[in-house]
Amino acid sequence: MTKAGDWPSYQRVLLPPVRDLHRLDVYRAEGGYEALGHVLTGTSPAEVIDKLKRSGLRGRGGAGFPTGLKWSFMPPPKPGVPRYLCCNADESEPGTFKDRQLMEYNPHLIFEGILIACYAMQLTAGYLYVRGEFADWIELMEHELARAYEANLVGDNILGTGFSADIFMHKGAGAYICGEETSLMESLEGKRAYPRIKPPFPAQQGIWGYPTTINNVETLACAPLIMTRGAEWFAQTGARTHPGPVLYGISGHINRPGVYEYPTGMLITDLLEIAGGMRGGKRLKALVPGGASVPVLRADMIEGVTMDADSLREAGSMMGTAGMLFLDEDTDMVAFLRRVARFYHHESCGQCTPCREGTGWMENLITRIDDGQGNLRDLDLLLDLCDQMEGRTVCALADAAAWPVRNTIRRFREDFEKRCKPAVWAA
Amino acid sequence: MPQVTIDGRVLEFEGQPRLLQFCLDHGIELPHFCYHPAMSVPANCRQCLVDIGAPMRDRATGEVRTDGEGNPVIRYFPKLQTSCSHVIADGQVIHTARTSEKVERAQQDTMEFLLINHPLDCPICDQAGHCPLQIQAYKYGPEGSRFEFRKVHKPKRVRLGPRVVLDAERCINCTRCVRFTDEISRSHQLTIIERGVKNYPITPPGVEFDEPYSMNVIDVCPVGALTSVDFRFQARIWEMTRTPSIATTHAKGSNCFLWVRDNLVLRITPRPNPEVNEYWLADEDRLCYRQFNEDRPAGPQVRNAAGTLEAVSWEQAISTAASVLEKAGAGAAFVGSARATVEDNWLLIQLAEQTGGQVVGFMEHIEAGHGDGWLRTDERAPNSEGCRRLGMTPVDGTMLRARLEDGTITALYVLEDDVIGLLSAADLQEVSVIVHHYHTTNRTLEVAAAALPAAMSAETIGTYVNLDGYAQRVRPAKVIQGASRTLMMQMGLSRADRHGTPFDRWYNETHYINCKPSWELLPAVAEALGAKVPAGGPRRIMEQISQRCDAFRGVSYKAMGLEGMPLPASIQLEAA
Ligand SMILES: Cc1cc2nc3c(=O)[nH]c(=O)nc-3n(C[C@H](O)[C@H](O)[C@H](O)COP(=O)(O)O)c2cc1C
Ligand code: SF4
Ligand code: SF4
Ligand code: FES
């Protein structure tokens, strides 16, 4: 028995197998917006937050911060001080593609989650910041949002309960950094998406300088489920310390890549099997368990490891966004790292020195090694650069750029050394 | 009072100061680039990192926990913190690079990053010699670089606007220039474009960086990325001598530095003064510097029998002026000027009293609609308020013309100004005109009987009062032919090392202008008349003004110092 319990009989709730669920009528026929109705009529905001705390829901955007606690940080309403909710749908990390699935197949669950969050924190406006490249799904969601407005599920005096909240959609313009919470707020305000220094935190000064709570799409989509099925159901689904259903975005050299919904705490090996095993019967070489920025694991490190914060930390990595990238035995780890480094170099906003300069330097060095022109000392220099970047920047992108470099070199040092020119003394 | 310990030194503080500013205020140097005291704190250069610890407090009681020996237990932040953004709190313990290897290393690391894509072209860079990047790289940087790749190339020689050029490769992306246009001048004419290491500041499409304060970004830029179209490649910084002065093209009295080499003013930059202009200077106040070098007169002149102006000795010119005044007696009219100092205008009043003539007012220079409520004013001269406080009023052209016509005025004495424009040459056919002039372009010369070249603000000593009633001094920045001991003494004092830099050949007479300060000329004219007007240099003159003129009570050169002083407030009320 794994932490995930009886997962083979698990019934999907975030992405249930219902045809045309994205349509409002279908969604409602399936019991959609009932959670909102109950919450608005029979539950106090404090109870909603309490329920969320008891559910143990942790953010699905990468950092895994307890959501109920985050909501409770919001200062209480004060006349003349607007406060906002922001739903982060800027999903653009390599290997992460689960929010997109929700937007395509279950957008009303996201809207309902936003409205419940608005009610819980007594907010009247929620922004939905969507990655601009998701043009098709933006169109779809705009259409569905309009239906929800028509049905009085959003907007003024929702369902006649006296509670009003608006949802505003905002398109990003193609920068990964806009997914960083404070950068997203700058972008939303129409400014250049430079992350802000913290403190002040969003709950103190967020959008337009007013208190703001920001959550990932999947995080908010969990809220209606917790309201209808109960905090206990959620808390008992999957790993105890990191519970709930979760969307695993599985990609790489496997037979059936895609988004899989299962409880947290799944054995990595089980997930590999579910996804059809390695392509061509090859052996697994490495796994990136939570999106490009989390440390890579060698195949021999995943034995018995489950997909939850505790187990992955012990194994030497992180849950991140649960975007799992499986790499087979033929993978060139240098080329892999070169591609990852290129991404962070390309996406650094350039605001702070170590990240702006360090990401490019790293890509240069790794490219040189990949081209067979590298020196052994370049590997140590790369590790030095990781030290010089980590923890010294405005936002976590520099950390996210440094971790893969540090851990890929550390865990696959031989692959790198083989590609370097021999040291002079060895000749 | 709350305390912090910085490198083992215990310092008290009040309020909620930011650590970097607090350190700078206490003489503790910390390397930094993006921080500017007048602007928001983005903490983006990451150069000012320090190690900060806070006393641990008991959760229940809030008491500071102590170790066995009663010392507070300090818990350090897991990451180094940017001192520019850190607000200090009681009991915190701070380590700079002086006491922490970790911090020293971090500062070196950041510096190494800053330099990898920098062109390192200091030998041809205007900023070299006073460049925060250059200076701090020597002090805090690593010995070499481990970067072995082609540097990122970015646009060079980009004209952002009529007065500012960008070299994007030198830029370290501190965003000071952008913040200046967003937060200080609010023109919003600059923004950063591109992403990551390709970033650089530029104007939005179709926008020119032409705001009237554009050149301030050159000063705030911590590298040589932004340079002045006018000044670039004109001089190295160490070749010039810097003299504190006051800007003269507006009545705001913005504080500035005059940069002089070989007695030519080469540029003007702002001098911080929190009471007047903070850190800023309008572009016009900078670009007017050529007036100190060009079209300057070659010495005194007197109109001869043939009706042309002829060069004469100072004695001859002064005696001509004296005889004109003697002849005119009560028919002599005196015109002061908002361009002249308080001292010179006051001496003019004294001369008028001595000769029985009359001060008809002072020339003001209003350009309606020019002012912006900040450092640019409608008044385009530095001292109209000084004239007012001496009891003068602006000359009334109509009235003056009428009196010229009816013959009550037979001589006109013009102090450091040009009355053509207010009057026409025809109005002055019948009167003898004496003028103290700055430039050969002064149109009053056409009708002058005697022309006495006067020292300009860059060459003299004196006081201006700005439109807020703030009295400030000018000092000689360049030597003139008529330099006296008083001027030379002040000149020495204004240069920290008495003689400036060895590259400034101030003793070379090539660019000496043959002129004299009005505070020498006016007493000399009085003396030639047998009258007595206070002499003895502007310091002594200001002493007398402060004794005899209520509006200037308490004003002295010592009290004004480098930063100036407000005039007595009660007088302001009376004047209003
Ligand atoms: C460089 C960077 C990019 C990020 N991109 C995303 C993103 O695309 N989507 C997302 O939900 N969170 C992203 N995050 C995390 C957010 O900053 C934030 O932690 C998250 O939206 C909080 O939501 P949660 O508490 O629901 O997880 C990013 C963080 C960093 C540092
Ligand atoms: S760490 Fe990188 S992405 Fe984040 S603010 Fe700094 S430069 Fe921008
Ligand atoms: S041009 Fe100068 S002031 Fe502007 S961002 Fe670059 S370094 Fe900073
Ligand atoms: S001065 Fe730039 S980060 Fe502090």
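Residues numbered from 1 in each chain as written. Chains lettered and ligands numbered in written order. Predicted model: local features only at pLDDT ≥ 70, side-chain atom pairs only at ≥ 80, totals over all residues. Heavy atoms only, no water.

Student: Which residues make up the environment of W374 of chain B, and what values do they have?
Tutor: Residues and elements named next belong to chain B. Within the fold, W374 resides in the loop between β18 (358-363) and α9 (384-389). Distance in space between the C-alpha atoms of W374 and Y140 is 38 Å, their sequence separation being 234 residues. In contact with W374, not counting residues within four places along its chain, are I184, S185, Y213, K252 and W280. (Helix = DSSP H or I, 4+ residues; strand = E, 2+ residues; numbered from the N terminus. Contact = heavy atoms within 4.5 Å.)

Student: Requested: an account of the domain arrangement of chain B, with residues and values cited.
Tutor: By a widespread convention, an interface's size corresponds to the accessible area lost as its parts come together. All names here are of chain B. By the assigned domains, chain B splits into domain 1 (3-112), domain 2 (117-228) and domain 3 (301-456 + 515-534). In this structure, domain 1 and domain 2 have C-alpha centres spaced 29 Å apart. On the side of domain 2, 21 residues touch domain 1, which itself brings 18 residues to the contact. Around 1700 Å² of area is buried between domain 1 and domain 2 when both sides are counted, 52% of it from carbon and sulfur atoms. Looking at the side of domain 1 facing domain 2, the largest losses of area belong to F33, M39 and E112, adding up to 39% of the total buried there. Linking domain 1 to domain 2 there are two salt bridges. (Domains from an automatic or database assignment. Buried area = accessible area lost by both parts, 1.4 Å probe. Salt bridge = Lys/Arg side-chain N within 4 Å of Asp/Glu carboxyl O.)

Student: Can you tell me about the sheet that holds strand β4 (residues 212-216) of chain A, naming the residues and giving the values?
Tutor: Sheets are built from strands paired through backbone hydrogen bonds, the pairs being either parallel or antiparallel. All names here are of chain A. Within the open sheet, the four strands sit side by side as β3-β2-β1-β4. Their pairing is parallel. Each edge of the sheet is formed by a strand with only one pairing partner; in this case those strands are β3 (166-171) and β4. Taken over all neighbouring pairs, the strand axes of this sheet differ in orientation by 20 degrees on average, direction set aside. As judged from the six bridges shared by strand β2 (residues 125-130) and β3, these two strands associate in the parallel manner. Of the residues in β3, the one forming a bridge with Y127 is F168. Packed on one face of the sheet, helix α9 (residues 217-229) meets β1 (84-89) and β4 and runs near 95 degrees to β4. (Pairing = 2+ DSSP bridges. Axes fitted to C-alpha atoms, helices over the stretch in contact; angles between N-to-C directions.)

Student: So, the packing of helix α14 (residues 353-370) of chain A against helix α16 (residues 397-411) of chain A: which residues are in play, and what are the values?
Tutor: Residues and elements named next belong to chain A. Running from N to C, α14 and α16 cross one another at 20 degrees; their axes reach a closest spacing of 10 Å. Considering their axes alone, α14 and α16 lie roughly parallel with respect to each other. The handedness of the crossing between α14 and α16 comes out as left-handed. When α14 is examined against α16, the residues C355, T359, M362 and I366 are found in contact with a partner set consisting of L397, A398, A401, A402 and V405. Per-class residue counts for the contact of α14 with α16 are eight nonpolar, one polar and no charged. (Parallel < 35°, antiparallel > 145°, perpendicular 65-115°, else oblique. Left-handed = near helix turned anticlockwise from the far one by under 90°. Nonpolar A, V, L, I, M, F, W, Y, C, P; charged D, E, K, R; others polar.)

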